[in-house]
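# Structure at a glance
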Amino acid sequence: MAASMWQSYFSSSSLMGPSSHEGILRARLQLSPHSFACWNSRYMGSLRMHNSSRYPLANLTQFPRSKDCARVTCSATVSSGNISSVEKVDFKKLQNGSDIRGVAIAGVEGEPVNLTERVAEAIAEGFANWLVEKKKGDAARQLRVSVGHDSRISADILQAAVARGITRGGLGVVLYGLASTPAMFYSTVTDREDMFCPVDGSIMITASHLPYNRNGFKFFTSSGGLGKADISNILSRAADIYARLSNESVQASADSSSIKKVPFMDEYASSLVEAVRKGAGGLERPLEGFHIIVDAGNGAGGFFLGKVLVPLGASTSGSQFLEPDGMFPNHIPNPEDKEAMAAVKKAVLDNGADLGIIFDTDVDRAAAVDSNGNEMNRNGLIALIAAIILAEHPGTTIVTDSVTSDGLTDFIENKLGGKHHRFKRGYKNVIDEGIRLNSVGQECHLAIETSGHGALKENLWLDDGAYLMVKLLIKMAAAKAAGEGIGSKVLTDLIQDLQEAEVSAEIRLKIDQNHSDLGSGSFRDYGERILKHLESVTDSDPNLKKAPVNYEGVRVSAHGGWFLLRLSLHDPVLPLNIEGPSKAAVQKIAGVVHSVVKDYKALDLKALEKYL
Ligand SMILES: O=P(O)(O)OC[C@H]1O[C@H](O)[C@H](O)[C@@H](O)[C@@H]1O
């Protein structure tokens, strides 16, 4: 649905009664009464439930919620061909590293919609054109692209637009509906002609854990996720297509003869089931006797319960937030979020479960909680997966992002006998580095970020939170089969020697891009200037020890702890990570950084000063 429609609907909602709302909205959506009831149930129900300060969509009228509707694939669009704002879209701004992210739903102050149907359609057509060029050798056959989405409220509308864009580009479309990001990559590498696989390209409609009004795209081919340069290329094609589209009417729906629908998540889930069965010695129900809780945060991860854990024999009572709900009413679906981890921990303890598993919205990230409520996320999850992988591949290299702890390095290198290659932030950077190391002869089987993104060589380097959890399940099932009992103790024991810092903090220092202190340079130039200054201060102070090998920002040991100041991958921000043995140590470390950066007037130091 176009932004303008949401806008006018919401802004007028307090003025009309339910029946006039329904008539107007249904007409504009071009839906039958039944489809409208489903749409209404899915979207308006969510909005109604969360009409609070967190979701500032005031005065929504209460519609009856229909119970028995599954999803509505909505091909609704604006009927008018000319939207005055079309020229204003800055396609470059939609790039977020190797992803595309934008605002798809109006209603949040200061966040105008920039990911409209037309923009999505143009991007999809840009991807189709890019793919055709990449696959020149396959000119004789029609290329096909799979499309899936997470639980966001703009998913169906964007999916319809994406399907139009791909068919406009002359390619076939295979719709998967609610799906996970790793499943989309999997569709490019799996051989199942009955499911139209392998597809030539894949698009996941997701904005990961970001708020409900955002959405975006991730793209895959059999070589993996597209990189920054490819995304820029696609966006520049999209900008040209968009200019052309703005003179045409938006079509109500794509050419349906080129569109197929398949239940691909069943195929992907059964690959996970088979992986656990194989890893557990071929048992049909290796998780029989285990009680495992899933918290999907109302994202796309609910499938893991019914399609993975149940067939493997696990009991799953007490699992929560499995229902897809793009308003994310319970907690942010993000294993890095404290509230989210507290929620799954509580569920595990309340239900006396053996293990808790939590996914982000699109299931490329995950974390776990053991039966005592100990969180296994960030450095703890890396340590756990590293312990499993190093037992299988002694001495192998583990690639991680830059904010991992000194304790993790000590654990991987001195306790597990592996090599810790602490690289840059960004899951794509980390995974690409793992692949690169292998290509230059340095064996690497695991590339993983503290955010919960992780990829294994054995799993074709798919960035897959669900597969990380599969590795934990295999370990537990194998321990049971070996008579070592049921429970997550086998996991907890693996990381008992990991030393975690007492206090850790991430402080994000914003750069005011409009400040005169930036001169004629960009925020990146400004950030680099600050980092250079910090580096020279560090070099001249014997109490500060610069990390001998470092790929990003300035990492320094001081006061029994460490800090890393670096430029954010995407934002005008300098994230500062600090870890120390006590609050006092962290304060002192914060003081060191403050004394260096305090004269940079464009830097907002409020967040840092709280720590002094
Ligand atoms: O550099 P930052 O702003 O901290 O963001 C870094 C993060 O950006 C995105 O969310 C990526 O998906 C992550 O892989 C990455 O770690």
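Residues numbered from 1 in each chain as written. Predicted model: local features only at pLDDT ≥ 70, side-chain atom pairs only at ≥ 80, totals over all residues.

- The name an unreviewed UniProt entry gives the protein is phosphoglucomutase (alpha-D-glucose-1,6-bisphosphate-dependent), with Ceratopteris richardii as the organism.
- Recorded in UniProt under Sequence similarities (unreviewed entry), the annotation for the protein is "Belongs to the phosphohexose mutase family."
- Per UniProt, the protein carries the Subunit (unreviewed entry) text "Monomer." (UniProt positions renumbered as here; feature names shortened; annotations may be inferred.)

## Overview of the site of the ligand
- Around the ligand, the surrounding shell consists of R425, G426, Y427, E449, S451, H453, S568, L569, H570, D571 and P575.
- Classifying every residue of the shell around the ligand by side-chain character gives 3 nonpolar, 5 polar and 3 charged.
- Mapped onto the domain boundaries, the shell around the ligand takes at least three residues apiece from domain 4 (376–494) and domain 5 (503–609). (Near = placed C-beta within 6 Å. Nonpolar A, V, L, I, M, F, W, Y, C, P; charged D, E, K, R; others polar. Domains from an automatic or database assignment.)

## Topic: the nonpolar core
- Ranked by size, the top nonpolar core spans 139 residues in total, and within it I123, V162, I203, I357 and A386 carry the most contacts.
- For this core, the element with the most residues is helix α14 (residues 465–481), which contributes 10 residues.
- If near-sequence neighbours (up to four positions away) are discounted, I203 is found in contact with A124, F127, V145, V147, V162, F217 and F219.
- Of all hydrophobic cores here, the second largest spans 30 residues; its members include V403, W562, L565 and V596. (Core = buried A, V, L, I, M, F, W, Y, C linked by C-beta atoms within 7 Å. Buried ≥ 20, exposed ≤ 12 C-beta atoms within 10 Å, placed from the backbone. Helix = DSSP H or I, 4+ residues; strand = E, 2+ residues; numbered from the N terminus. Contact = placed C-beta atoms within 7 Å.)

## Overview of the sheet that holds strand β13 (residues 397–400)
- Strands sit in the order β14-β13-β15-β16 across an open sheet of 4 strands; the sheet is mixed. In this open sheet, the two edge strands, each paired with only one partner strand, are β14 (419–422) and β16 (454–456). Each neighbouring strand pair of the sheet contributes to a mean axis angle of 20°, computed without reference to strand direction.
- Relative to β16, strand β15 (residues 444–448) is paired through 3 bridges, and the arrangement is antiparallel. By the bridge assignment for β16, L446 is matched with L456. (Pairing = 2+ DSSP bridges. Axes fitted to C-alpha atoms, helices over the stretch in contact; angles between N-to-C directions.)

## With respect to the packing of helix α4 (residues 117–134) against helix α7 (residues 228–245)
- Where α4 meets α7, the closest approach of the two axes is 7 Å, and the angle between their N-to-C directions is 125°. The orientation of α4 with respect to α7, classified from their angle, is oblique. When you trace α4 past α7, the crossing you get is right-handed. Facing α4, whose interface residues are R118, V119, E121, A122, I123, E125, G126, F127, N129 and W130, α7 presents D230, N233, I234, L235, R237, A238, I241, Y242 and L245. (Parallel < 35°, antiparallel > 145°, perpendicular 65-115°, else oblique. Left-handed = near helix turned anticlockwise from the far one by under 90°.)

## Focus: the UniProt feature "domain: Alpha-D-phosphohexomutase alpha/beta/alpha" (unreviewed entry) in the protein
- When the UniProt feature table is mapped to this numbering, "domain: Alpha-D-phosphohexomutase alpha/beta/alpha" (unreviewed entry) covers residues 94–235, 267–373 and 379–480.
- In this annotation, residues 94–235 is assigned 35% helix and 25% strand; the end-to-end C-alpha distance for the span is 8 Å.
- The distance from the first to the last C-alpha atom of residues 379–480 is 26 Å, and the span holds 52% helix and 16% strand.

## A word on the pairing of strand β4 (residues 172–178)
- The buried count for β4 comes to 5 of 7 residues, which makes it a mostly enclosed element.
- Alignment of strand β3 (residues 144–149) against β4, held across 6 bridges, turns out to be parallel. The residue bridging G148 from the neighbouring strand is G177, located in β4.
- Handedness of the crossover joining β3 and β4 through helix α5 (residues 155–168) is recorded here as right-handed.
- Bridge count for β4 against strand β8 (residues 259–261) is 3 bridges, and the pairing is parallel. Bridge pairing in β8 places L175 opposite K261. (Right-handed = clockwise from strand over helix to strand, strands pointing away.)

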